[in-house]
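Coordinates in review
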Amino acid sequence: MDIAHFLDILWLARIPILKGLGFTISISLLAICFGTLLGIFVGLALTYGVRPLRWIVRGYTDFIRGTPVLVLVLASYYVLSTIGLDLSPFQAGVLALAVFCSSHVGEIVRGALQAIPKGQTEAAKAIGLTFPQTFAYVLGPQALRQVLPAWVNTAAEMVKASTLLSIIGVAELLLRTQEIISRSFLSLEFYFFAGFLYFIINYAIERFGRYVERKTAIPS
Amino acid sequence: MPNHLLEIRDLHKSYGDVEVLKGVDCTMAQGDVISIIGSSGSGKTTMLRCINMLEEFQGGTISIDGEEIGYETLGGQRRRKKEKEIARQRALTGMAFQQFNLFPHMSAARNVMLGLMKVKKLSKDEARSIAEKWLDRVGLLARADHFPGQLSGGQQQRVAIARAIAMNPRLMLFDEVTSALDPELVNEVLQVIKSLAQDGMSMLLVTHEMRFAYEVSNRVIFMNQGRIGEEGNPREMFHKPKSERLSEFLKTSSFGER
């Protein structure tokens, strides 16, 4: 392995790699943000929803969670266009990942809310708080702390799943890397380099999660 | 309308097919301290929880200061009141729980301030000064900024009592507040309750501490199988029980051991 040669090619390919990295980060970020927002509603519906709503949302999460992400990605790109919803590869990819993310976040949120002892809600009721107030000041903050570790996991999964968008031609990091490899034949070096970049992103997410966990830790 | 603080009429409550309250009647005047005793499953806690609508009930009425709690009858139809109205009515009573139920993510002072700020809409400073006043009263001012996890069980329960009472309720409900405590911590909580009683706070206590019930209350209610088995002043109740059931119960309780 010729390090100097690899660094040469890497330097020449810096723009496409950075662009790919930018795509990967923005896809992941959008999917995580939308997925988390939607997931919170999913979790709330699963926990507090009236029965018909709960059934529908339960069906949604079970179906999505039981489907490979790749299938979701292909479906949102190819199937939605057949019903007249023409999304760009980027939009379709973000949609698929966000939907996938929401089903996982929904389950995490439900688990966290259900793990809070019933006495908390009762104590909040007993001092006269309404349900929205109880959620905002008592249940939500406690659930947030419970949710964090699992949420960090899901966020990291989203970054990894963003590689699947290369299938529908989104020029994210993996696709860019493959293009460079097809021209330079330095497969080992560039796959390793791409892997290293994914690791950096996920490591940053994990550190962020730890930081928030530390900041919100309850003294005991 | 007679000036009852609390009036319970023909209270019925079922869980599915199991009827746990089979027609309870009870009135309480301002300043009364009433202990509710009875074996487990007799409906004491359920009755207490109906008063602040932590439990729904299917029949009868509960009124505080003449105001009907939880339900209203419109055109012959009994309906649950609106959530917001029920939340307001819950604040008429304060409740302390067996498991304390402090909010673990808030300091002792914050626990007390939450209701003052969000329900009573007081400013943070006003809430803080009221919270400090009550924490001082239960002997925990020095711990105001400690979190529940940093307090002993007895201290947590005293904070929980301060949290309830800071809301200035018409009536305090105590649900077996010493049952989850280590024996050496029971007394500090009972002392707090006793001093509140001496201040004229109206209270309804579900308790297994017979000696305490005897000392602190001016009336005792013995619950038996979803009904009031016997009631009267503590002296009569504990020394000259009329019913077989009560004398049996007292024999097996801590009161009989002295």
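Residues numbered from 1 in each chain as written. Chains lettered and ligands numbered in written order. Predicted model: local features only at pLDDT ≥ 70, side-chain atom pairs only at ≥ 80, totals over all residues. Heavy atoms only, no water.

You'll find chain A entered in an unreviewed UniProt entry as Amino acid ABC transporter membrane protein 2 (PAAT family), with Phyllobacterium bourgognense given as the organism. Per UniProt, chain A carries the Sequence similarities (unreviewed entry) text "Belongs to the binding-protein-dependent transport system permease family. HisMQ subfamily." (UniProt positions renumbered as here; feature names shortened; annotations may be inferred.)

Secondary structure summary: chain A contains nine helices and zero strands in total. Put simply, chain A runs from its N terminus to its C terminus through helices and strands in the order α-α-α-α-α-α-α-α-α. Along the longest, intermediate and shortest principal axes, the C-alpha atoms of chain A span 70 × 50 × 20 Å. Taken over 220 residues, chain A has a buried fraction of 47%. Sequence-distant contacts, at least 24 apart, represent 75% of the contacts inside chain A between residues at least 6 apart. Carbon together with sulfur atoms contributes 69% to the accessible area of chain A, which is approximately 11500 Å² in total. For chain A, the centre of its 17 positive side-chain charges and the centre of its 12 negative side-chain charges are spaced 12 Å apart. (Helix = DSSP H or I, 4+ residues; strand = E, 2+ residues; numbered from the N terminus. Buried < 20%, exposed > 50% of the residue type's maximum accessible area, 1.4 Å probe, protein only. Contact = heavy atoms within 4.5 Å. Areas by Shrake-Rupley, 256 points an atom, 1.4 Å probe, with all protein chains shown as cover. Lys, Arg positive; Asp, Glu negative; His and termini not counted. Charge placed at Lys NZ, Arg CZ, Asp CG, Glu CD.)

It is worth spelling out the overall build of chain B at this point. Counting its secondary structure elements, chain B contains nine helices and twelve strands. A compact globule built from 258 residues should have a C-alpha radius of gyration of about 18 Å, and chain B, at 18 Å, falls within 12% of that. Considered along the principal axes of its C-alpha atoms, chain B spans approximately 55 × 50 × 35 Å. Of the roughly 11300 Å² of accessible surface on chain B, 46% is carried by carbon and sulfur atoms. (Rg over C-alpha atoms; globule rule 2.2 N^0.38 Å.)

Residue and element names in this part refer to chain A. Taken together, Phe196, Phe199, Ile200 and Tyr203 make up a surface patch of nonpolar side chains, about 410 Å² in accessible area. Residue placement: isoleucine 200 occurs in helix 9 (residues 187–215). For isoleucine 200, a relative accessible area of 41% translates into the label partly exposed. (Patch = residues over 30% accessible without salt bridge, like charges linked within 9 Å, V, L, I, M, F, W, Y side chains within 5 Å. Salt bridge = Lys/Arg side-chain N within 4 Å of Asp/Glu carboxyl O.)

Residues and elements named next belong to chain B. Spatially, 8-9-10-3-11-12 is the arrangement adopted by the six strands of the open sheet, whose pairing is mixed. Both edges of this open sheet fall to strand 8 (93–96) and strand 12 (227–232), since each of them pairs with a single strand only. Ignoring which end each strand starts from, the neighbouring axes of this sheet average 20° apart. Pairing geometry for strand 9 (residues 171–175) and strand 10 (residues 203–206), over four bridges, is parallel. Residue pairing for strand 10: leucine 173 is matched across the bridge by leucine 204. In the packing of helix 1 (residues 44–51) onto the sheet, contacts are made with strand 3 (33–37), strand 8, strand 9, strand 10 and strand 11 (219–224), and the angle to strand 9 comes to roughly 145°. Each of strand 3, strand 9 and strand 10 touches helix 6 (residues 183–198); the most contacted strand, strand 10, lies at about 150° to it. (Pairing = 2+ DSSP bridges. Axes fitted to C-alpha atoms, helices over the stretch in contact; angles between N-to-C directions.)

UniProt marks residues 21–209 of chain A with the feature "domain: ABC transmembrane type-1" (unreviewed entry), using the numbering shown here. Strand forms 0% of residues 21–209 of chain A and helix 84%; the C-alpha atoms that close the span are 21 Å apart.

With respect to the secondary-structure elements, glycine 84 of chain A resides in the loop between helix 4 (69–82) and helix 5 (89–115). Spatially, the C-alpha atom of glycine 84 of chain A lies 25 Å from that of cysteine 101 of chain A, the residues being 17 residues apart in sequence.

A common way to state how big an interface is: give the accessible area lost once the parts meet. Across the boundary between the two partners, chain B contributes 26 residues, which contact 20 residues of chain A. The junction of chain B with chain A conceals about 2000 Å² of combined surface from both sides, 67% of it contributed by carbon and sulfur atoms. The largest per-residue losses of area from chain B upon contact with chain A belong to Phe103, His105 and Lys118 of chain B, which jointly make up 26% of the total buried on that side. At the junction of chain B and chain A, the tally comes to one salt bridge. Counting across the interface, chain B meets chain A through six residue pairs in polar contact (both at pLDDT 80 or more). For the side of chain B that touches chain A, the secondary-structure elements that each account for two or more residues are helix 2 (83–90), strand 8 and helix 3 (108–118) of chain B. Tallied by class, the residues present in the side of chain B that touches chain A amount to 13 nonpolar, seven polar and six charged. (Buried area = accessible area lost by both parts, 1.4 Å probe. Polar contact = N/O pair within 3.5 Å; in protein donor to acceptor, adjacent residues only side chain to side chain. Nonpolar A, V, L, I, M, F, W, Y, C, P; charged D, E, K, R; others polar.)

With 31 residues, helix 7 (residues 131–161) of chain A extends just 37 Å between its outermost C-alpha atoms, more than 12% less than the 45 Å of an ideal straight helix rising 1.5 Å per residue. The sharpest bend along helix 7 of chain A reaches about 45° and sits at leucine 148 of chain A, with the proline proline 149 of chain A one to four residues further on. (Expected span 1.5 Å × (residues − 1). Bend = angle between axes of the 7 residues up to and from the residue.)

What follows deals with the pattern of salt bridges. Residue and element names in this part refer to chain A. Counted according to the given criterion, the structure contains 24 salt bridges over all chains. Linking glutamate 157 and lysine 160 is a salt bridge whose minimum nitrogen-to-oxygen distance equals 3.4 Å. Taken as a pair, glutamate 157 and lysine 160 lie in helix 7 at a separation of three residues, close to a single helical turn. Taking relative accessible area as the criterion, lysine 160 reaches 43% and is therefore assigned partly exposed.

Right, let's talk about the side chain of threonine 67 of chain A for a bit. All names here are of chain A. Tracing the sequence through the fold places threonine 67 in the loop between helix 3 (51–65) and helix 4. Judged by relative accessible area, threonine 67 falls into the buried class, the value being 13%. Those residues within four positions of threonine 67 in sequence are excluded, and the remaining contacts are Leu72 and Phe100.

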